[in-house]
Amino acid sequence: MRYLCMIVILAERMIVMNHWRKMVCTVLAACSLSVVGTAGAVESSIPSGAAEVQGTEIMPLASHIGLDVSITRKSESWSQNSGYGSYRVWVDNTTSQRMTVTITSRSASDQHTFYVPANSNKTYTVNDAVSGTHTITFATASGYLSGTVRVRVSEEPL
């Protein structure tokens, strides 16, 4: 009888262990499938338009920061190289007045003006830029200037 009780207890433990083992295996399998499913859904870390596929090669498109400075003077300049037909200007105006921003190039007719509200920022994009030196000027009603300007120059439209 004693052996019979031990066999019954051992059998119960095995049943519980097998049940537990099956449950753990099922949970692990489900977790593995969810990880595999989400790994396949991850999008490329290359931003759209940042690379061009040529055959089996991926060629990055050229862009660079042409200007990244604090606004402390009335004007700043950057060079727009040949073949780089686009630029995006980002201005952060940290004054309490509206800022007028004017961009000029070698062509007098190629002038762009935009306004940045007080304590705000704004971007301005040009996709038909001419090559050469571009000058950006800043003005407020009081003449006080404060903020940041950044220009990204690109081969591709922005």
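A.B. asks: Please explain unusual backbone geometry as it appears in this structure.
C.D. replies: Negative phi characterises most residues that are not glycine, and trans characterises most peptide bonds. Not every positive phi belongs to a glycine, and Asn119 is a case in point at roughly 50°. Here Asn119 shows up in the loop between β7 (111-116) and β8 (120-126). Taking relative accessible area as the criterion, Asn119 reaches 56% and is therefore assigned exposed.

A.B. asks: In this structure, what is going on with the sheet that holds strand β10 (residues 147-154)? I would like to understand it.
C.D. replies: Across a sheet, paired strands are connected by hydrogen bonds in the backbone, their directions being either parallel or antiparallel. Overall, antiparallel pairing links the four strands, which are arranged β3-β10-β5-β8 in an open sheet. For this open sheet the edge positions go to β3 (63-70) and β8, each flanked by a neighbour on one side alone. Taken over all neighbouring pairs, the strand axes of this sheet differ in orientation by 10° on average, direction set aside. Across seven bridges, strand β5 (residues 86-93) lies against β8 in antiparallel orientation. Considered in β8, the bridge of Asn93 is made with Ser120.

A.B. asks: Sorry if this is basic, but what is going on with the pattern of salt bridges here?
C.D. replies: When the charged atoms of two side chains lie near each other, side chains of opposite charge can form a pair. Overall, the coordinates contain two salt bridges when judged by the stated rule. Of the charged contacts in the structure, one is a salt bridge between Asp68 and Arg150, with a shortest N-O distance of 3.3 Å. Of this pair, Asp68 sits in strand β3 while Arg150 sits in strand β10; the two residues are 82 residues apart in sequence, bridging distant segments of the chain. Two residues, Arg73 and Glu76, come together in a salt bridge whose shortest N-O distance is 3.1 Å.

A.B. asks: Just to check I follow, could you spell out the confidence of the model for the protein chain for this structure?
C.D. replies: Predicted coordinates in areas of low pLDDT are best not read in detail. Scored by pLDDT, the protein chain comes out at a mean of 79, with 61% of its residues at no less than 70. Low pLDDT, under 50, characterises residues 38-50; the predicted model gives this stretch four contacts beyond four residues in sequence or across chains.

A.B. asks: Looking at this model, I keep getting lost on the side chain of Ser86. Mind explaining?
C.D. replies: Topologically, Ser86 is positioned in strand β5. Polar side-chain contacts of Ser86 include one of 3.3 Å to the backbone oxygen of Glu156.

A.B. asks: So what exactly am I meant to see when it comes to the environment of Thr133 here?
C.D. replies: Positionally, Thr133 belongs in strand β9 (residues 132-139). Setting aside residues no more than four positions away along its own chain, Thr133 makes contact with Ser77, Trp78, Thr104, Ser105 and Arg106.

Definitions and limits used
- Residues numbered from 1 in each chain as written.
- Predicted model: local features only at pLDDT ≥ 70, side-chain atom pairs only at ≥ 80, totals over all residues.
- Heavy atoms only, no water.
- Helix = DSSP H or I, 4+ residues; strand = E, 2+ residues; numbered from the N terminus.
- Buried < 20%, exposed > 50% of the residue type's maximum accessible area, 1.4 Å probe, protein only.
- Pairing = 2+ DSSP bridges.
- Axes fitted to C-alpha atoms, helices over the stretch in contact; angles between N-to-C directions.
- Salt bridge = Lys/Arg side-chain N within 4 Å of Asp/Glu carboxyl O.
- pLDDT = per-residue confidence, 0-100.
- Contact = heavy atoms within 4.5 Å.
- Polar contact = N/O pair within 3.5 Å; in protein donor to acceptor, adjacent residues only side chain to side chain.

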